[in-house]
Amino acid sequence: MNRLVCYWVCAVLSGFGLSALAKSEPGKIRIGLVFDLTGKRIPALKVVNGIEYGLKHATVHGKAIELIRYDSKSDAVGTRTAMEELLKNPPDIIIAEIDSSKAFVAAEMAEKARRVMITPYATAPEITKDKRYVFRTCFSDEEQGRQLAKFARDDLHANSSVIFYDGTQLYP
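The sections below set out a description of the structure shown in this document. (Residues numbered from 1 in each chain as written. Predicted model: local features only at pLDDT ≥ 70, side-chain atom pairs only at ≥ 80, totals over all residues. Heavy atoms only, no water.)

**Looking at the overall build of the protein chain**
Helix and strand counts for the protein chain stand at five helices and six strands. Reading the helices (α) and strands (β) of the protein chain from amino to carboxyl end gives α-β-α-β-β-α-β-α-β-β-α. Counting across all 172 residues of the protein chain, residues that qualify as buried make up 40%. Taking the contacts inside the protein chain whose residues are at least 6 apart along the sequence as the reference set, 60% of them involve residues at least 24 apart. Carbon together with sulfur atoms contributes 54% to the accessible area of the protein chain, which is approximately 10,200 Å² in total. (Helix = DSSP H or I, 4+ residues; strand = E, 2+ residues; numbered from the N terminus. Buried < 20%, exposed > 50% of the residue type's maximum accessible area, 1.4 Å probe, protein only. Contact = heavy atoms within 4.5 Å. Areas by Shrake-Rupley, 256 points an atom, 1.4 Å probe, with all protein chains shown as cover.)

Here's what the structure looks like:
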């Protein structure tokens, strides 16, 4: 799992042109990580561990990469608190949250602060909609839904379907 996350991080960061961040603070590039580090989300810890593993010895134009962890706990209030702390001394780039409801809070704050933010796999369309500084590394729910419907119709020859969802989440 860590190796997969490591490849993902390297691909994402190179895709966003980390070399463009070479103009940041002399000697280092700062990346803020906002995830549930002490709450319920074990997958968030795996993402953070993969990022740390992948960038352990990485440099860009001779600059070291500094990862700064912020614990968002288990809810959106924790995300807001972590983002407020992070934005007091903003990093060059933010990688934040795997849950859509929490990523939405982080995205709104990153956009307002004009800081680039990447969410590893939060899928709600609202996270990146009409935003210039917020990106995702996975397909949105809308795209996943379209592809699943196409598969069900074309390959499974299904004429109807049922959708189950968690009504407590940001998106139904």
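From this point, the narrative continues.
**Description of the packing of helix α3 (residues 76-88) against helix α4 (residues 100-113)**
Two elements in contact, α3 and α4, have axes whose closest approach is 8 Å; the angle formed by their N-to-C orientations is 25°. Taken together, the axes of α3 and α4 lie roughly parallel to each other. You can see that α3 and α4 cross each other, and the crossing is right-handed. Mapping the contact onto sequence places A76, T79, R80, M83, E84 and L87 in α3 and K102, V105, A106, M109, A110 and A113 in α4. (Axes fitted to C-alpha atoms, helices over the stretch in contact; angles between N-to-C directions. Parallel < 35°, antiparallel > 145°, perpendicular 65-115°, else oblique. Left-handed = near helix turned anticlockwise from the far one by under 90°.)

**Brief notes about the pattern of salt bridges**
Any two side chains of opposite charge can pair if their charged atoms end up close together. Scanning the model with the defined rule gives ten salt bridges in all. For K73, the salt bridge identified is with D71, shortest N-O distance 3.5 Å. Taking the relative accessible area as the measure of exposure, K73 reaches 45% and is therefore partly exposed. A relative accessible area of 21% places D71 in the partly exposed class. Between D154 and K150 there is a salt bridge, with the nearest N and O atoms lying 3.2 Å from each other. Here K150 and D154 lie together in helix α5 (residues 141-154), a separation of four residues that amounts to about one turn. (Salt bridge = Lys/Arg side-chain N within 4 Å of Asp/Glu carboxyl O.)

**Structural notes on the pairing of strand β3 (residues 63-71)**
Bridge analysis of strand β1 (residues 28-35) against β3 gives eight bridges, and the strand direction is parallel. Bridge pairing in β3 links I29 to I65. The pairing of strand β2 (residues 59-60) with β3 spans two bridges and is classified as antiparallel. Note on β3: the bridge partner recorded for V60 is K63. Taking the residues between adjacent antiparallel strands as the criterion, β2 and β3 are bridged by two residues, where H61 takes a positive phi near 50°. (Pairing = 2+ DSSP bridges.)

**Quick look at a nonpolar patch on the surface**
Where nonpolar side chains cluster on the molecular surface, the patch consists of L148, F151 and L156 and spans about 320 Å² of accessible area. Structurally, L156 can be placed in the segment after α5. With a relative accessible area of 54%, L156 lands in the exposed category. (Patch = residues over 30% accessible without salt bridge, like charges linked within 9 Å, V, L, I, M, F, W, Y side chains within 5 Å.)

**Quick notes on the nonpolar core**
Judged by nonpolar contacts, the single largest core of 19 residues is most densely connected at V34, M83, I94, M117 and I127. Elements represented by at least two residues in this core include exactly β3, α3, β4 (93-96) and α4. It is α4 that contributes the most residues to this core, six residues altogether. Filtering out sequence-adjacent residues up to four positions away, M83 remains in contact with V34, I94, A106, M109 and A110. Of all hydrophobic cores here, the second largest spans 16 residues; its members include I29, I31, V48 and I118. (Core = buried A, V, L, I, M, F, W, Y, C linked by side-chain atoms within 4.5 Å.)

**With respect to unusual backbone geometry**
Look at K73: it is not a glycine, yet its phi comes out positive at around 60°. Tracing the backbone shows K73 in the loop between β3 and α3. A positive phi is found at R114, a non-glycine position, where the angle reads about 60°. If you trace the backbone, R114 turns up in the loop between α4 and β5 (117-119). Accessibility expressed as a relative area gives 56% for R114, which makes it exposed.

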